[in-house]
Amino acid sequence: MTKGNAARVIYWFRTDLRVTDSPALQAALNLPNLQAFYPVWCWDPNYVYGHKVGLNRWSFLLESMQAVSEEMTAINPKQRLHVVRGPPEIVLPIMWESWGITHLVFERDANAYAKVRDARIFSLAREKGVEVVDVHGRHLYDPVEVVKANGNKPTTTLHQWQNAVKKLGAIGKVAPTPTALPDPGDVKLKIGKRENYKWPHVDKNADIRTGKDTCFDSLSGPEGDYAVPTMEEMGYGPSTTTIRGGTVEGHKRLAAFLGDAPAVASFSKPNTAPTSLEPSTTLLSPYLKFGCIGVRELWWGSKETIAQWEKDGSKGAKKTKEPENMFGQLEFRDMYAAAETGQPHFERIRGNGMCKFIDWGLQNQYDKEGKEIVPRPKGDDEDEERLAAWREGRTGFPWIDACMRQLKHEGWIHHLARHSVACFITRGQCYISWERGMEVFDEWLIDWDPASNPGNWMWLSCSAFFSQYFRVYGLVSWPSKTDKSGALVRKYCPELKDFPDKYIYAPHTAPESVQKKANCIIGKDYPFPMLDEHVEKDRCIARLKDAYALNLHGDSPEVLDGTAMGLLRDRHGESGAGERKGKEEREEEKRESKRRKTGDGSLDGFVKKAKKERVEG
DNA sequence: GTGAAGTTGTGGTT
DNA sequence: AACCACAACTTCAC
């Protein structure tokens, strides 16, 4: 637009359901001669129908849309979030034409899905003479810039990310909250019916749709007022989560965290408890995911809180450092974003150059061109049953089952509980592809993120980022570290609630008399463990060792031409990695290991001891 | 090339 | 609570 002309602006909300700390919103409001301002959400049926998402995330999203709408109405009674029912590439051009739009402004979103969508919008806007302004704001640093600074490579360690951002200057300050919003102009659309775009023919959420959806009947909603759709209009019943969405709720949680200075200063993720009934972490991730709070509010808020606390004397309490502290957590979030942005096919194995090839069961299957994911062939019944039992929380391991039931019910579990269940289904015991686990988290987690979720699944499965595959989370030992009484198990697996503490994580080891007294017979009222934890752990480690030795990645020719699986299975045949060891054999190995230990020790042990003596001497 | 470090393992000892 | 041994991965700094 030439200078002096009036600006008629659509602010397109996507990842940023807030008015605070929004550099993109600020940029929109700073446009000169702002005449009309339309805050818009494009309610895309392709996403609503085509992406499997549980009730809890839908309800959180709708509440968050409603909350930001009310925030805007509070600033200007004529304002609201205008929810336009249709795919953005269809409804945005209708709005541009109907409302005389000159500018489209939004927060930049560099993940693979958004990149494709936004490229189409950029090109359409160019055709129609609408100026697009996209502004970074979702992360501490723009992931696209981080990838450039990292030699055009995805970041694979936190150190890489930290070194890359040194070249990018300081983290942006919290963007100011607008105190005024211009009015929207006329909101009438020239085309108001849904027939103008292709109706999606696949409904991946049919299994949870309990009624008829009406929310796509017209572009401006049933009342013609662009209101936020309700769960009912989507054809859904109520959600089950206790976590409420929205920028108000998010800011309450943020303020509660920042108000406890010693907690902010000494935050240490590894020392929080995954077993806790009340979250031992901040529970801010869903609000960051939907942009209900700005990441800089948390970053700078934490910095200021700690600075003030130190000024006030800080009473000798311990301050934690990166990466365990809150800043480290946010840096990891950014690191995954820069990894996703820089790595094609980040969300799958095939074609993903940073992902180790491991011969997991139930991997994605592809068509002949290797492009489209096709349904898995029948026949892998044991793996399918293990996956189903894991998903449904009936593995026979109370800790795993409690976590999975909590995940489905609340849409949230503690970060370390995610580690535990992810390790179990992949490299720990089940040897099932992380792609399958990732899908379940995608469906059920409210805070699901297109970069953090695949990234963490690769991390936990030792496919990328992390490689110490012999460190396996115990199904009894791990939860016992923070809660010997099994409170989370008693809540989410109530059939086990009367077992004594001693057996709560392994009820199948309880004598029959104890099971009877607890009114729960293992194998009847609660499942017997679906596998032997230690036998499967040993098999997994042996197979990971073979896979690491073969050292193929998602973009290796052997993976692309389909021969990798055979190569690795042959290797297992030679190493004996695939075989199940009997109990006797395991006992013998344990005795052997003990002999080594009580004898003159392994070479490494000897070297270390000698070194220590050298240092001390 | 070498050695240390790497967000969050287990099981044992001190 | 802090240390080691287990058996041994990748990255990074020197």
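Fair warning: this is a prediction, and the values are worked out from it, not measured in the lab. (Residues numbered from 1 in each chain as written. Chains lettered and ligands numbered in written order. Predicted model: local features only at pLDDT ≥ 70, side-chain atom pairs only at ≥ 80, totals over all residues. Heavy atoms only, no water.)

A few words now on the sheet that holds strand S4 (residues 103-107). Strand pairing in a sheet is mediated by backbone hydrogen bonds. Such pairs are either parallel or antiparallel. Reading across the sheet, the five strands line up as S3-S2-S1-S4-S5 and stay open at both edges, with parallel pairing between neighbours. Each edge of the open sheet is held by one strand with a lone partner, namely strand S3 (82-85) and strand S5 (131-135). Between one strand axis and the next, the sheet turns by 30° as a mean value, whatever way the strands run. Relative to S3, strand S2 (residues 34-43) runs parallel, the two being bridged by four bridges. What sits directly across from cysteine 42, in S3, is valine 84. On top of the sheet, helix H3 (residues 55-75) reaches S2 and S3; it is set at about 170° to S2, its chief contact. (Pairing = 2+ DSSP bridges. Helix = DSSP H or I, 4+ residues; strand = E, 2+ residues; numbered from the N terminus. Axes fitted to C-alpha atoms, helices over the stretch in contact; angles between N-to-C directions. Contact = heavy atoms within 4.5 Å.)

Below, the discussion takes up the protein's contact with DNA strand B. Residues in close proximity to DNA strand B total 18 residues, the closest being Pro270, His415, His419, Gly474 and Ser477. At the protein interface, 39% of the atoms of DNA strand B within 4 Å belong to sugar or phosphate. Interatomic distance of 3.5 Å between a backbone N/O atom of proline 323 and a base oxygen of DNA strand B. Valine 472 places a main-chain nitrogen or oxygen 3.4 Å from a sugar or linking oxygen of DNA strand B. Considering each element in turn, the surface near DNA strand B owes the most residues, three residues, to helix H15 (residues 415-428). In terms of residue class, the surface near DNA strand B is made up of eight nonpolar, seven polar and three charged. (Near = heavy atom within 4 Å. Polar contact = N/O pair within 3.5 Å; in protein donor to acceptor, adjacent residues only side chain to side chain. Nonpolar A, V, L, I, M, F, W, Y, C, P; charged D, E, K, R; others polar.)

Right, let's get into the side chain of glutamate 410. Relative to the assigned elements, glutamate 410 resides in helix H14 (residues 398-410). Buried and without a salt bridge, glutamate 410 has lysine 491 as its closest oppositely charged side chain, separated by 5.2 Å. Only 2.8 Å separates the side chain of glutamate 410 from the side chain of threonine 242, close enough to count as a polar contact. If near-sequence neighbours (up to four positions away) are discounted, glutamate 410 is found in contact with Asn56, Thr241, Thr242, Ile243, Ile446 and Tyr492. (Buried < 20%, exposed > 50% of the residue type's maximum accessible area, 1.4 Å probe, protein only. Lys, Arg positive; Asp, Glu negative; His and termini not counted. Salt bridge = Lys/Arg side-chain N within 4 Å of Asp/Glu carboxyl O.)

What follows concerns the packing of helix H7 (residues 158-165) against helix H12 (residues 326-342). Where H7 meets H12, the closest approach of the two axes is 9 Å, and the angle between their N-to-C directions is 90°. Relative to H12, the element H7 is oriented roughly perpendicular. Residue-level inspection shows Leu158, Trp161 and Gln162 of H7 in contact with H12, the latter providing Glu331, Phe332, Asp334, Met335 and Ala338. Here the contact of H7 with H12 is composed, by residue class, of five nonpolar, one polar and two charged. (Parallel < 35°, antiparallel > 145°, perpendicular 65-115°, else oblique.)

Across all of its chains, the model carries 37 salt bridges by this definition. A salt bridge links lysine 52 to aspartate 207, with the shortest nitrogen-to-oxygen separation between them at 3.0 Å. Placement of lysine 52 in the loop between helix H2 (45-50) and H3 and of aspartate 207 in the loop between H7 and helix H8 (247-258) is noted, with a sequence separation of 155 residues between them. Since its relative accessible area comes to 26%, lysine 52 is described here as partly exposed. Aspartate 118 is paired through a salt bridge with arginine 117; the nearest N and O atoms lie 2.9 Å apart. Assigned by exposure class, aspartate 118 and arginine 117 land together as buried. Through salt bridges with shared partners, a single network forms among Arg14, Asp109, Arg117 and Asp118.

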